[in-house]
Amino acid sequence: MKLVIQLILWVVIGFLGYLTFNSIYDPIQFNKIKEKRYQQVINKLKDIREAQLAHKEVTGVFSDDFDGLVKFIDTAEFTVTQRRDTTVLDEEYKKTYGVDQYKSITLIDTLGYVPVKDSLFKQKDYKNLKYVPTTDKSVTFEIDAGKIKKRKAIIPVFEVKVAKDKILADQDPDLIMQEKQVISVDGVNGEYLKIGSMTEVNTNGNWPKVYGSSE
């Protein structure tokens, strides 16, 4: 009987040890996977921001469609300009006062054009911008764009995001739930990894500096 009790105690101790080990090991492994995937997603979000900023520079607005954004990269060109200062005769002043008066002006000369894809995406796969990394193209980013009013000015804005639970879909549901509730200076707060905003004039990402600059 004593031997049986001892065996049961050892089994219980082993089981409790296993649970304790998993309670420590699982979150550590989860964080390693999370950080690796987040970094890949953030790198893609930065590429999307570059594309959006180029789109706005050329067209004046942000894109709300990935297919249109890729087509833009394929076909659009940056205008290469040069600014130079010079002086010219002020015709109005001479007409009014009868004497010569010179004024300084800035001229902008067009030097040529550079394809957007060569300037920003020469070594990158921009054709698949909409797909979230690590998801085997089964998940796409959510994209939106529009305009908001700030102090009588109408300003273009955009936002691109993906839910954390889609990035971590194959991980422990309880750990995913905890991650979605994170509020920390060292973590990604909220339920999404995102860049830009539809309510503020902001093209930054919502990740901490450990993943690289969000600007």
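(A) The pattern of salt bridges, seen in detail. Applying the stated criterion across every chain yields a total of 10 salt bridges. Across the pair K130 and D67 runs a salt bridge, and its minimum N-O distance is 3.7 Å. Placement of the pair is K130 in the loop between helix 4 (116–120) and strand 3 (142–150) and D67 in helix 2 (residues 66–75), with a sequence separation of 63 residues. You can call K130 partly exposed: its relative accessible area is 25%. We note a salt bridge from E159 to K194, for which the minimum N-O separation is 3.8 Å. With E159 in strand 4 (residues 153–163) and K194 in strand 5 (residues 192–196), this residue pair connects regions lying 35 residues apart in the sequence. Looking at E159, the relative accessible area reads 13%, which means it is buried. Salt bridges here are not isolated pairs; linked through shared partners, they connect K34, K164 and E179.

Cut-offs and rules
- Residues numbered from 1 in each chain as written.
- Predicted model: local features only at pLDDT ≥ 70, side-chain atom pairs only at ≥ 80, totals over all residues.
- Heavy atoms only, no water.
- Salt bridge = Lys/Arg side-chain N within 4 Å of Asp/Glu carboxyl O.
- Helix = DSSP H or I, 4+ residues; strand = E, 2+ residues; numbered from the N terminus.
- Buried < 20%, exposed > 50% of the residue type's maximum accessible area, 1.4 Å probe, protein only.

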